[in-house]
Number of protein chains: 2
Amino acid sequence: MTDTLTPMHTRTRRYHHGDLRAALLTRAEDTLREKGPAALSLRELARDLGVSHAAPSRHFKDKQALLDALALTGFERLTAVLGASRDGVGETFAERLDAMVRAYVGFARENAELLDLMYSIKHDPEASDALREAEQRWSDLVVRLIGEGQAQGQVREGPMERVGLPVFATLHGYADLAVAGMLPPEADEHGLDDVIAFILRGSAPA
Amino acid sequence: MTDTLTPMHTRTRRYHHGDLRAALLTRAEDTLREKGPAALSLRELARDLGVSHAAPSRHFKDKQALLDALALTGFERLTAVLGASRDGVGETFAERLDAMVRAYVGFARENAELLDLMYSIKHDPEASDALREAEQRWSDLVVRLIGEGQAQGQVREGPMERVGLPVFATLHGYADLAVAGMLPPEADEHGLDDVIAFILRGSAPA
DNA sequence: ACAGCATTGTTGGCACCGCCTACATTGACG
DNA sequence: CGTCAATGTAGGCGGTGCCAACAATGCTGT
C-alpha cells in the first residue's frame, strides 16, 4: 500500500535494512571512538541508522550483547595484528618481541576506547564462549613467542605462567598507560625502546 | 554539638542530614564495591540515605563530580598505603620495591572497582586539579623509590622517565591483571615474587 | 533576641535511556 | 501463491541525570 510511485532508491528507506547488524556494529565503533563509551546508546544508534528504536533488539538481545560483539571484533583484529607482526622480522626472540610490542601498542593507540571495552568485558565472569576463545587466541600468541624464546635459549627456563606473566603485565601496563595518556612527552622518544629492553633483561636466561 | 539528647541510632529523620556529603561518598563506595559501577545511581544513593532525589546535587554538581571525589579519596588512601609500605622494611631497593609492589597489588585487590574508577577518570583530560595533584603525589613515591635505588647503585643509571617508566608499567599492568581477574590460578602462588624479581632484573645496573 | 540570608533539602518536571509487548511488513520456501 | 519466520515499527514502563521553584534550617550581625 505504501507506493508504486515513490522509487526505492530515493532516500532508500526500505522496510528492511539489509544488514542492520553489521551497520550497528560499525556505527557503534565509530561513536565509541569519537564520543566515548558513555555516549553509546542503542536508541541513538538506531536514529543514526534511520531505523526505529527497537530495531536493534532484533540483532542484540540487549546493550551488553552489542558491546560483547564489539569486543569480539576487537579481539579478532588484535589477534590478526599481532599475528602479522611476525612477518618480515627475524626469528630471534628480541626481534619478534620488539615487533609484537610495537604492534600491540600501536593497536592500543589506534583503538584506545575499544581496547578499554575489551578489557572491561573480559572482567565479567559470564562473558560468552566466543569472547573467551578470542581472548585465548591472542594470549596464545604471547605464550608461543615466549616458548620459542625458551627453545632458542633466549628466555629463561620455567613454566609459562611464571615466565610469561611479567612480560604480559609489562606489555599490558605500558599500552594502558599510553592509551590513558599518562606517558610523559619524553616517553614518545624512547619509551618503547626502554620497555622492550626492560622486558629482554627481565626475561633473559639466568 | 551533635546530640546530648537525640541519639543517632533512633531513626532520626531531621530535615538536615548533618553530613550528607560524606555519607554519599561512603555509601557510594560500598555500592561500587558490592554491585559495580553500573549500579551507581544518584537517585538510589539518595533513597538509601533517606533523602530526596535531588539532595545530592547540593554537594556534587553532577554525577561525575561525585565520581571524581570518590577517586580522590582513592588516590589519597593509595598514597597513604604506599607511603606506609616503607615502614619496617630495610633500606635496599629490593626490599622497598618488594614492599611497595605488595602494597600496591594489595590495594588493587581490595579496591578493584575503585581503582578502575581512579584510572578511568585520570584518563579524562579535564580532571580537577586536586585529582591531578593526588595522582602526582603517588607517582612521586615510585620516582623516589627509583631515585634512592640509583643513589645506592642498585638501579641502573639514566633519567627517571626512562628508568622508571618500565617499572611503573609492569607494576600497573600486573595490578590491572589482578583486578581484572585475568591471572591464572597458579599466579597466586608465585605471581608477585616473579614480577618483583622481573622488575629487579630489568632495572638492575648495566 | 531576632531578622535576614545562605545553606541544605524537597517536589515536580523534562528528556533520555534500556527493555518489554503487540503489531506490521517483508521475503523466502514449500 | 500462501504461510510463516525474520525483521522492523509503535507505544508504554520504570529508571536515570539534571533543572527550576519552593521550604526548612541554622548562622550571623545588629
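Note that the coordinates shown come from a computational prediction; the quantities given were computed from them, not determined experimentally.

### Brief notes about the overall build of chain A
Now for step 1: Of the regular secondary structure elements, chain A holds 8 helices and 0 strands.
Now for step 2: N-terminal to C-terminal, the α/β element order of chain A is α-α-α-α-α-α-α-α.
Now for step 3: On C-alpha atoms alone, chain A measures out to a radius of gyration of 21 Å, which is more than a quarter above the 17 Å that the 2.2 N^0.38 rule sets for 206 residues.
Now for step 4: Overall, chain A is about 80 × 35 × 35 Å in size when its C-alpha atoms are taken along their principal axes.
Now for step 5: Within chain A, buried positions represent 45% of all 206 residues.

### Thoughts on the environment of Met118 of chain B
Residue and element names in this part refer to chain B.
Now for step 1: Along the chain, Met118 turns up in helix H5 (residues 112-122).
Now for step 2: Classification of Met118 by relative accessible area gives buried; the value is 0%.
Now for step 3: Between the C-alpha atoms of Met118 and Val81, which are 37 residues apart in sequence, the distance is 15 Å.
Now for step 4: Once you skip the residues sitting within four places of it in the chain, Met118 turns out to touch Ala71, Gly74, Phe75, Leu78 and Phe107.

### Let's talk about the side chain of His172 of chain B
Now for step 1: Along the chain, His172 of chain B falls in helix H7 (residues 160-179).
Now for step 2: Here Asp176 of chain A takes part through its side chain, which lies 2.7 Å from a polar atom of the side chain of His172 of chain B.
Now for step 3: Looking at His172 of chain B, its side chain comes within polar contact range of the side chain of Tyr119 of chain B, at 3.5 Å.
Now for step 4: Discounting chain neighbours no more than four positions away, the residues touching His172 of chain B are Gly173, Asp176 and Leu177 of chain A together with Tyr104 and Tyr119 of chain B.

### Here we look at the pattern of salt bridges
Now for step 1: Evaluation of the coordinates by the stated rule reveals 24 salt bridges over all chains.
Now for step 2: Of the charged contacts, one joins Arg144 of chain A and Glu148 of chain A as a salt bridge, the two residues approaching to 3.4 Å between their closest N and O atoms. In this pair, Arg144 of chain A and Glu148 of chain A both sit in helix H6 (residues 129-151), 4 residues apart, roughly one turn of the helix.
Now for step 3: Judged by its relative accessible area of 43%, Arg144 of chain A is partly exposed.
Now for step 4: For Asp194 of chain A, the salt bridge identified is with Arg162 of chain B, shortest N-O distance 2.8 Å. Pair noted here: Asp194 of chain A is in helix H8 (residues 187-203) and Arg162 of chain B is in helix H7, and the two residues belong to different chains.
Now for step 5: Judged by relative accessible area, which is 33%, Arg162 of chain B ranks as partly exposed.
Now for step 6: Via salt bridges that share partners, Arg86, Arg96, Arg144 and Glu148 of chain A belong to a single interconnected network.

### Describing the interface of chain B and chain A
Now for step 1: Facing 34 residues of chain B, the contacting portion of chain A comprises 34 residues.
Now for step 2: In this assembly, chain B packs against chain A so that about 3,000 Å² is buried in total across both faces, 68% of it on carbon and sulfur atoms.
Now for step 3: Considering only the side of chain B, the residues that lose the most area to chain A are Arg162, Leu165 and Phe198 of chain B, jointly responsible for 21% of the buried surface there.
Now for step 4: The interface formed by chain B and chain A holds 7 residue pairs in polar contact (both at pLDDT 80 or more) in total.

### Looking at helix H6 (residues 129-151) of chain B
Residue and element names in this part refer to chain B.
Now for step 1: Counted at 1.5 Å a residue, the expected span for H6 with its 23 residues is 33 Å, and the 32 Å between its end C-alpha atoms agrees.
Now for step 2: Where H6 is buried, its residues meet helix H3 (63-84), helix H4 (93-110), H5 and H7.
Now for step 3: Positive backbone phi, at 75°, marks Gly153, one or two positions downstream of H6.

### Focus on the packing of aromatic side chains
Now for step 1: The final tally for this structure, using the stated rule, is 5 aromatic pairs over all chains.
Now for step 2: Measuring from ring centre to ring centre gives 5.8 Å for Phe198 of chain A and Phe198 of chain B, while their planes differ by 80°; the resulting arrangement is edge-to-face. Residue Phe198 of chain A is located in helix H8, and its partner Phe198 of chain B is located in helix H8 (residues 187-203); the two belong to separate chains. Per residue, the accessibility class of Phe198 of chain A equals that of Phe198 of chain B, and both read buried.
Now for step 3: Members of the aromatic cluster, connected to one another through ring pairs, are Tyr104, Trp138 and Phe168 of chain A.

### Concerning the confidence of the model for chain A
Now for step 1: For chain A, the average pLDDT comes to 89, and 93% of its residues sit at 70 or higher.
Now for step 2: No element of chain A has a lower mean pLDDT than helix H5 (residues 112-122) of chain A, which averages 91, and none a higher one than helix H2 (residues 42-48) of chain A, which averages 97.

### Regarding the domain arrangement of chain A
Residues and elements named next belong to chain A.
Now for step 1: Once the domains are mapped, chain A shows domain 1 (7-60) and domain 2 (61-203).
Now for step 2: Measuring from the centre of the C-alpha atoms in domain 1 to the corresponding centre in domain 2 gives 31 Å.
Now for step 3: The partner domain 2 presents 14 residues to the 14 residues of domain 1 that form the contact.
Now for step 4: Of the roughly 1,200 Å² buried where domain 1 meets domain 2, counting both sides, 69% is carbon and sulfur surface.

Reading the values: rules and limits
Residues numbered from 1 in each chain as written. Chains lettered and ligands numbered in written order. Predicted model: local features only at pLDDT ≥ 70, side-chain atom pairs only at ≥ 80, totals over all residues. Heavy atoms only, no water. Helix = DSSP H or I, 4+ residues; strand = E, 2+ residues; numbered from the N terminus. Rg over C-alpha atoms; globule rule 2.2 N^0.38 Å. Buried < 20%, exposed > 50% of the residue type's maximum accessible area, 1.4 Å probe, protein only. Contact = heavy atoms within 4.5 Å. Polar contact = N/O pair within 3.5 Å; in protein donor to acceptor, adjacent residues only side chain to side chain. Salt bridge = Lys/Arg side-chain N within 4 Å of Asp/Glu carboxyl O. Buried area = accessible area lost by both parts, 1.4 Å probe. Expected span 1.5 Å × (residues − 1). Phe/Tyr/Trp six-rings, centres within 6.5 Å; stacked < 30°, edge-to-face > 60°. pLDDT = per-residue confidence, 0-100. Domains from an automatic or database assignment.

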